[in-house]
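# Structural characterization, general
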Amino acid sequence: MSISQTLDIQHIMVIVEMPDSALEDLRNVFKYVYYHPELWQFYNLYEICNEEKFNEVYGAVPEEEWENAEALLLMTMLPPWEKEGLMRGGMPNLKWIHTRFVGTDTIKGSLVFRNEPEDSDLIVTRNAGVPSPSIAQHAFMMILAVYRQLSRDILNQFQRKWIRKSQEDWSVPDISNMTYGIFGYGSIGREVSRLASAWGVKNILACNTSGQKTKDGAYPFRGRGDPDGIIPAEWFSSDSPESFKAFLQSTDILIIAAPATPKTIGIFNAQTLSYLKSSSIVINIARSNIIDQPALVNALNNGGLAGAGLDVVTPEPLSDENDPLWTAKNVIITPHLSYMAGSYWEDTVEVMRVNKDRLKEGKKLYNVASLDGLR
C-alpha cells in the first residue's frame, strides 16, 4: 500500500490482553498506550450476557482515549461498533487498525469497513508471518502423532499398559520419503515447506490459485519460510480442476494452510477428498470451513484416508460429546492453539514497530489487508 502522506502515530488503543513484557515493548514504540484488556475479555459479553453490562465495561474507558487514539490493536471487532458503526465517529483520529490474527475473516464484513468511503485512508494490517514457526511445528507434531498413532500409546500409558503391535509399528512410513502437498503457500505454508526441507523431504508440492511461483508478501522475519518460493518441486492451481486433482492425487501428506475465502471454503468435499490416496493423511492448521467435516469423517471411517490432524473444527468448541468427529478413525484434535508460542507477542510488536516507522517515512507497509476485501 502506498502512503500519500507521512503519519507519525503516537497514540494507540490496545483491546487485547498482552504479556507484561510485550506491553512494555509496545510502550517503547508508541508514546501513549491506552491498554484495556478488559474489552478483550468481554468482547463476546454483548452476545452471551446483556447489552447493559457490556456498555458498562465499554463506557468505563475515558472518552479522551477513544478520541486521541490513532491506532488500534485488537483481536476482533466489538459488538457495539458492529451494531452502531461507531468506530470512526467515536475514534475521529483513527488511522490504523492492526489485528493480531493472520486471517481477516473474523473482521470481514464489519459495518465499520462497509461505511468507509471508496477513497478511505484507513489502514488495516494483520499478523502475517508472526505465528508461522509455531503453526508449522504444530503441523509436524500432528504428522508424527497421526502416523505413529500416538493417541493409542498415550491411552495405554494412562492405563499403565505396555502394548506393542509389531505389525502396525513396522508399517510406520518414513515421513521424509513422503510427498507433501501444501495447500496455500503463504507465510505459514512456506514455513511448513522450510521445515519439511530440513527434514530431508525432497518432494514438496505447492498449490495456490494461480499455479505459479510467487514471492511471500508477509513481513520478512529472518530465517523463516521460503520468501522466493524456491522449495516446491512443482506448483499447482486450485482454480484449475485438472491441476487441483493432479495435486491431490500426488500428495501423501496434505497440509491445509490457506485462508478462508469464497474460493477455498468447502473446497475439500467428498469428491476432492476422494482424489487423495487411501494412505494419505490430512493436516488442517488453517480454517475448519475449508473442509466438509462430515465428508472427512466418512473418508476416515471408511478407509478413504489413513488419518487426520485438526487444529480447527466445526464448531469451536466441539462441545457435543456425540459429534462423530471425536471417534473418527486415527484423528488427532487440538483446540485451535497451534499459533500459541512464547515469541508471538514479541514478533507482533516488531511488525508494528517496523510499520510505524515506515508509516512515518511514507513507505509501503507490510501485511496490509485490502479494505475492499474487508467490506
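Fair warning: this is a prediction, and the values are worked out from it, not measured in the lab.

This part takes up unusual backbone geometry. Here the residue pair Thr314 and Pro315 is connected by a cis peptide bond, since its omega of -5° sits within 30 degrees of zero. Along the chain, Pro315 falls in the loop between strand 11 (307–310) and strand 12 (331–333). Here the residue pair Glu316 and Pro317 is connected by a cis peptide bond, since its omega of 0° sits within 30 degrees of zero. Within the fold, Pro317 resides in the loop between strand 11 and strand 12. Phi is positive for His336, close to 50°, though the residue is something other than glycine. Along the chain, His336 turns up in the loop between strand 12 and helix 16 (344–361). The backbone phi angle of Asn367 is positive, close to 65°, even though this residue is not glycine. Assignment of secondary structure puts Asn367 in the loop between helix 16 and helix 17 (371–374). Asn367 sits in the buried class, given a relative accessible area of 4%.

One way to put it is that helix 9 (residues 132–147) packs onto helix 12 (residues 187–198) with a least axis distance of 8 Å and a crossing angle of 55°. It follows that helix 9 is oblique to helix 12 by the angle criterion. As helix 9 runs across helix 12, the sense of the crossing is right-handed. Here Ser132, Pro133, Ile135, Ala136, Gln137 and Phe140 of helix 9 come into contact with helix 12, specifically with Ser187, Ile188, Glu191, Val192, Leu195 and Ala196. Of the residues in the contact of helix 9 with helix 12, the class split is eight nonpolar, three polar and one charged.

Considering soluble globular proteins, one finds that nonpolar side chains tend to be buried as a cluster. Formed by 59 residues in total, the largest nonpolar core has its most connected members in Met18, Ile143 and Tyr180. Among the elements that make up this core, the one with the highest residue count is helix 9 (nine residues). Apart from the residues within four sequence positions on either side, Met18 is in contact with Leu23, Leu26, Tyr35, Leu73, Trp345 and Val349.

Let us now look at the side chain of Gln293. For Gln293, the location among the structural elements is in helix 15 (residues 293–301). Those residues in contact with Gln293 that lie beyond four places of it in its chain are Val313, Thr314, Leu318, Asp323 and Leu325.

Spatially, the five strands line up as an open sheet ordered 2-1-3-4-5, and their pairing is parallel. Single-partner strands in this sheet number two, and they are strand 2 (32–35) and strand 5 (123–125). The sheet shows a mean angle of 15° between the axes of neighbouring strands, taken without regard to direction. Taken together, the four bridges between strand 3 (residues 71–74) and strand 4 (residues 96–99) define a ladder with parallel strand orientation. Within the sheet, the bridge partner assigned to Leu74 lies in strand 4 and is Thr99. With respect to the sheet, helix 1 (residues 20–27) is in contact with strand 1 (11–14), strand 2 and strand 3, its orientation differing from that of strand 2 by roughly 145°. On top of the sheet, helix 16 reaches strand 1, strand 3, strand 4 and strand 5; it is set at about 160° to strand 4, its chief contact.

Conventions and cut-offs
Each chain has its residues counted from 1, running along the sequence as written. This being a predicted model, a pLDDT of at least 70 is required before a residue's local features are given, and a value of 80 or more before pairs of side-chain atoms are given or counted; all residues contribute to the totals for chains, interfaces and linings. To get the side-chain values, take all heavy atoms of the structure and skip hydrogens and water. Strands are runs of DSSP state E lasting at least two residues, helices are runs of H or I lasting at least four, and both sets are numbered from the N terminus onward. The rule is simple: take the accessible area with a 1.4 Å probe, protein chains only, and divide by the maximum for that residue type; under 20% is buried, over 50% is exposed, in between is partly exposed. Each axis is a line fitted through C-alpha atoms, and for a helix only the stretch in contact is used; angles between axes span 0 to 180 degrees, taken between their N-to-C directions. The scheme is simple: roughly parallel for angles under 35 degrees, roughly antiparallel for over 145, roughly perpendicular for 65 to 115, oblique for anything else. Should the near helix be turned anticlockwise from the far one by less than a right angle, the crossing is termed left-handed; should it be turned clockwise, right-handed. Residue contacts are defined here by distance: any two heavy atoms, one from each residue, within 4.5 Å place the two residues in contact. Classification convention: Asp, Glu, Lys, Arg as charged; Ala, Val, Leu, Ile, Met, Phe, Trp, Tyr, Cys, Pro as nonpolar; all other residues, Gly among them, as polar. Working definition of a nonpolar core: buried Ala, Val, Leu, Ile, Met, Phe, Trp, Tyr and Cys residues. They are joined through side-chain atoms within 4.5 Å. Should DSSP find at least two bridges between two strands, the strands are taken to pair.

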